[in-house]
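# Descriptive analysis of the structure
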Amino acid sequence: MSDEFAPGTVWLVGAGPGDPELLTRKAERLIGEASVVFHDALVGPGVLDLVPPGVRRVSVGKRSGRHSKDQRTIDELIVEAALAGERVVRLKGGDPAIFGRATEELTACHAAGVPVRICPGVTAASAAAADLGLSLTLRGLARRLTFVTAHTVKGEVVGLDWQALADPEATLAVYMGKAAAPQIAAGLVAAGLPADTPVALIENASLPGRRHLRTTLGLLPLAARSALGDGPAVILIGRALQDLPYPKPSSPALAHRACSRSGF
Ligand code: SAH
């Protein structure tokens, strides 16, 4: 057993997007050393298979609209387990520090005097870009990367500043955004982002049931309604999503760049 996982410690562990091979080696080791594992609904079955037999697994699964345990209960459960001397892994989809309610769990541990640490994971947007075979940033064209959630309350997306998000030099990665796709498209177009801005929706990134769809901002509402199932999906928006994002060679310098990129 490693020194960094003494009894009474909590590790918030990133489970990655689903494919167990996208776990870090550290995550795999911590899972193997845990005496109890509290996991989200989005943690893939292949990852849960790594929990040693006999180790208690507790699903505290949350999927939008279907909360099985509220956040405060989860905070209490992990703190109680640590105070009882367990080695606690709190396994979270993707990266625990991205839309993962990590702060609540860190705060609860700190308040109870429980040592708590974070093991990062591959976030959904990275897995989605990998599935598409493209980069989230693009030299000179997509210099910023913005992660947003688009949670809706009574059909309205709350708290998003469309003017700030409608940035033609950014790639937007929208988490939890499938239901809000029409509002996202309308908000961004009204704030000046061109309707032909490329968009990709990626469902079940990294998993065997993955699907993706390429479209444009203008057609996003239709695509989101008709094309995907009910798996987790991330929406990527911006010029980095173009099929052939590199500028056509029009000058010797560009010609050189384009050729070296394709391996000539
Ligand atoms: N901490 C997680 C995000 C949790 S929020 C991370 O870093 O990835 C949950 C949202 O993440 C889902 O609604 C979806 O938008 C996205 N997501 C998680 N797993 C995904 C997957 N395999 N494919 C596509 N999107 C995923």
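What you are looking at is a predicted structure, and each value in this text was computed from that prediction instead of being measured.

## Concerning the side chain of asparagine 204
Here asparagine 204 lies in the loop between strand 12 (198–203) and strand 13 (211–216). Owing to a relative accessible area of 17%, asparagine 204 belongs among the buried residues under this scheme. Once residues lying within four places of it in the same chain are set aside, the contact partners of asparagine 204 are Gly209, Arg210, Gly231 and Pro232.

## What about the pattern of salt bridges?
What the rule picks out here adds up to 15 salt bridges. Among the ionic pairs, glutamate 4 bridges to lysine 26, the shortest N-O distance being 3.1 Å. Placement of the pair is glutamate 4 in the segment before strand 1 (10–14) and lysine 26 in helix 1 (residues 25–33), with a sequence separation of 22 residues. By relative accessible area, which is 30% here, lysine 26 ends up partly exposed. A salt bridge links arginine 101 to glutamate 104, with the nearest nitrogen and oxygen atoms 2.6 Å apart. For arginine 101, a relative accessible area of 39% translates into the label partly exposed. Each of Glu4, Lys26, Arg29, Glu33 and Arg117 takes part in one network of salt bridges that share partners.

Cut-off values and rules
Residues numbered from 1 in each chain as written. Predicted model: local features only at pLDDT ≥ 70, side-chain atom pairs only at ≥ 80, totals over all residues. Heavy atoms only, no water. Helix = DSSP H or I, 4+ residues; strand = E, 2+ residues; numbered from the N terminus. Buried < 20%, exposed > 50% of the residue type's maximum accessible area, 1.4 Å probe, protein only. Contact = heavy atoms within 4.5 Å. Salt bridge = Lys/Arg side-chain N within 4 Å of Asp/Glu carboxyl O.

Geometric values such as these leave the question of function open.
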